[in-house]
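Tertiary structure, described
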Amino acid sequence: MKSIVCMSVSLRAACQHASACFPLYRGLSLCNSTGRCANVDVASNTVIALQPCITDVHCFQRQKTRSTTAGVVTAAPPPYITPGNRSNELTVYPTGIRTTHKAAARPPLHLSLYSPHAKAPKALVNTYSLFEEDVIAELCSKLADVPGNDRAEGLATLLGACVEFGLEAHSPPVLILVKESLELLSNKDIGVAQLCHLGKLACALEGRQSPMVTEVVNSISTAIEEDVVSPSEAVAAYSLLTMLYDPASQQQTLMLSALHRQTQRLVHRLKASHVSDILLSLVRLQQRQAISLVLRLSHRASRVFKAFSDDEIFKVLSALMILGQHDEELLVAMEKHLPGRMGKCDPELISTVMEYCLQMRCRSEPIFEAVAENFVCRAERHTNLQIAKQVVTMGRLNYLPQCSNEMFKKLESILMERFSQFQPRSLIDLLHACIHLERFPLNYLSKVFSPYFLQKLQEQGEPPDKNTLGQLTQLHLSTSLECTYYWGPRLPFFLHVKKFSSVDQVFETPMDSLLYKQVRGPLAQLLGGKFFYTRIFAPIGYTIDVEICLDENGFILPMPQWEHTYKRIALCLDGQNRFCRNTQHLLGKEATKRRHLCRMGYDVVQIPYFEFEKLRTQKEQVQYLHNKISPIISKFRYNQIR
């Protein structure tokens, strides 16, 4: 595009007589993509300056001039341009005129993209004079002869300047530019990137319901339907929709659906930055229902994972956690590329990776080992919350790293140094995760169960919720059942939870009803009747899937005679939700539950789904249950005889 800087006679006079600098906004320098500038013929009363491509605010330094003759103004030779002290400044020195001194350099003005500009210093000329009607009209007339995309960029630059300097939508310059833009939009020969630029500015000036926004959305919809959208243009379209999307607008809803379909066709061409930007836009648009697109983007992320920057990985994983989707190949890519980056990346990224693994129930040995080694070496650099996230993930996914001794020594030293700095609930999360790995923080339980800490916990705005009390109760049970040598303070009885079952399944996962239907028939055939109960609450608050009771001779008791029980057998029907997603390891909460039931005197029999589903006939199923239950009954009878 032709590069021009047009100023009115009044602006030139103001600059000469005020002897002040003025910021030259980039919107008044219209440059093409190659960065070359061409001369433009203008009227004799207009100042012309040749400029390089400008992408930010530039300042002309003020120069004091000495008049040669009082009352007589002689024409000055054409100006020449020399570089200033800084790379983003230019200084104009009129030839043939001596300069008395050089003004002190001023820092460049940093303007936000679409926020009204603050008042300029008094030494500056009124920059609003750049937006006089005749100046804008002259600029628009010169833009009329350039190609459509270049013209659109020029108009967008001028509109951006209007937004920057806080002009109202009904002001004459803005009305002129909007009129020109609407005329240009009617030609239907503008690229999607330029349309998105115009749309953002129109939304900033006139709001989401403006005619210009409607025209932009129509033009983009047409381009999407004609399948002429590139990956970068798709990213720009999503970015535009995050500003103006209204679910009640059928036009925008149809456009978004079409954009989803088009992006799915383009997904194999997306770069790493495109993937992260689109996923972030889907989060802002609350598109949890676009499951197919999210999965394809997640799959594409696994292909370009090596090219992601740390910030892009953070965006991708955060978006996938919010959108609730996971691709197994993404985990493979993470296991391949992340361990080598752990030592150099931001601790916040490490915490986000662990948080993602926890939410998706992905137990990854390469990642967890790298995180544990990094924790041993660099834990001091991590915040308390980052430390808690890493330990909590390993505990809840039941993973004990190979360097666990060094890791927990480091954790103990951190707790000793920062104990008072941890938020109470974050500290409880951390200590509660340790018991899942059979690492009992006895040195700190005495502090947690102290009246001072419990009072401090209750003063955190709201009283402790059921989850916090449940965690404290499990910590208490661990000290009572597994650490009988602990003689420190205990949790007061009135703070104990009576049942661990909850809607959010924090402490135990409900029984898989489908697996129970498969087990029920063969189990009744094995026992000679329905001599079992389901969903029984144990005295310590856990829910037992199936309970079988034996008398003193080891015979199975029918339900009416359960008061004569001498031995209890707890059958755990473990569906998929009780295991990590990608392995056959029980979750930490389920492992802790089984340990506590065993300490309470139950014989725990585990019936995992991946074993029972392999059995094809009922005979095989009965034999499988017999092999699981019979040894426990025989052992009990043998002990009774002795």
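Before going into details, it helps to say that this report is about the structure given with it. (Residues numbered from 1 in each chain as written. Predicted model: local features only at pLDDT ≥ 70, side-chain atom pairs only at ≥ 80, totals over all residues. Heavy atoms only, no water.)

**Details of the nonpolar core**
Ranked by internal contacts, the top residues of the largest apolar core, which has 146 residues, are I220, L279, L430 and L472. Filtering out sequence-adjacent residues up to four positions away, I220 remains in contact with V192, L195, C196, A237, L240 and M255. Ranked by size, the runner-up nonpolar core spans 27 residues in total, among them Y516, L527, V546 and L550. (Core = buried A, V, L, I, M, F, W, Y, C linked by side-chain atoms within 4.5 Å. Buried < 20%, exposed > 50% of the residue type's maximum accessible area, 1.4 Å probe, protein only. Contact = heavy atoms within 4.5 Å.)

**Details of the packing of helix α17 (residues 424–436) against helix α19 (residues 451–458)**
Contact geometry for α17 and α19: axes closest at 9 Å, N-to-C directions at 120 degrees. Taken together, α17 and α19 sit at an angle that is classed as oblique. Of the residues in α19, those in contact with P424, R425, L427 and I428 of α17 are F453, K456 and L457. Residues belonging to the contact of α17 with α19 are distributed by class as follows: five nonpolar, no polar and two charged. (Axes fitted to C-alpha atoms, helices over the stretch in contact; angles between N-to-C directions. Helix = DSSP H or I, 4+ residues; strand = E, 2+ residues; numbered from the N terminus. Parallel < 35°, antiparallel > 145°, perpendicular 65-115°, else oblique. Nonpolar A, V, L, I, M, F, W, Y, C, P; charged D, E, K, R; others polar.)

**A look at the sheet that holds strand β8 (residues 603–608)**
Taken together, four strands build an open sheet; the order of strands is β5-β6-β7-β8 and the sheet is mixed. The open sheet is flanked by β5 (533–537) and β8, the only strands paired with a single partner. Adjacent strand axes in the sheet meet at a mean angle of 40 degrees when their direction is disregarded. Where strand β7 (residues 567–574) lies against β8, six bridges are found, and the strand directions are parallel. If you follow A570 over to β8, its bridge partner there is V604. Lying over the sheet, helix α21 (residues 513–527) contacts β5, β6 (543–550), β7 and β8, oriented at roughly 145 degrees with respect to β7. Contacts from helix α24 (residues 618–641) reach β6, β7 and β8 within the one sheet, and its direction differs from that of β8 by about 170 degrees. (Pairing = 2+ DSSP bridges.)

**Quick word on unusual backbone geometry**
At N398, a residue that is not glycine, the phi angle is positive and equals roughly 60 degrees. Locating N398 in the fold gives a position in the loop between α15 (384–396) and α16 (404–418). Look at E438: it is not a glycine, yet its phi comes out positive at around 60 degrees. With a relative accessible area of 46%, E438 lands in the partly exposed category.

**Quick notes on the side chain of T509**
Within the secondary structure, T509 is located in the loop between α20 (466–482) and α21. Excluding anything up to four places from it in sequence, T509 contacts N577, R578, K589 and E590.

**Side note on the side chain of Q252**
Its place among the elements puts Q252 in helix α8 (residues 250–266). Among the residues examined, Q252 registers a relative accessible area of 5% and is labelled buried. For Q252, the side chain forms a polar contact with the main-chain oxygen of L244, separated by 3.4 Å. (Polar contact = N/O pair within 3.5 Å; in protein donor to acceptor, adjacent residues only side chain to side chain.)

**Points about helix α3 (residues 148–164)**
The end-to-end C-alpha distance of α3 is 24 Å, a good match for the 24 Å that 17 residues give at a rise of 1.5 Å each. The element α3 is extensively covered by neighbouring structure, given that 14 of its 17 residues are classed as buried. (Expected span 1.5 Å × (residues − 1).)

**Focus on the pairing of β7**
A large share of β7 lies buried, amounting to seven of its eight residues. As judged from the five bridges shared by β6 and β7, these two strands associate in the antiparallel manner. Paired with I548 across the two strands is I569, which belongs to β7. After leaving β7, the chain enters helix α22 (residues 588–599) and then returns to the sheet as β8, a path that is right-handed. (Right-handed = clockwise from strand over helix to strand, strands pointing away.)

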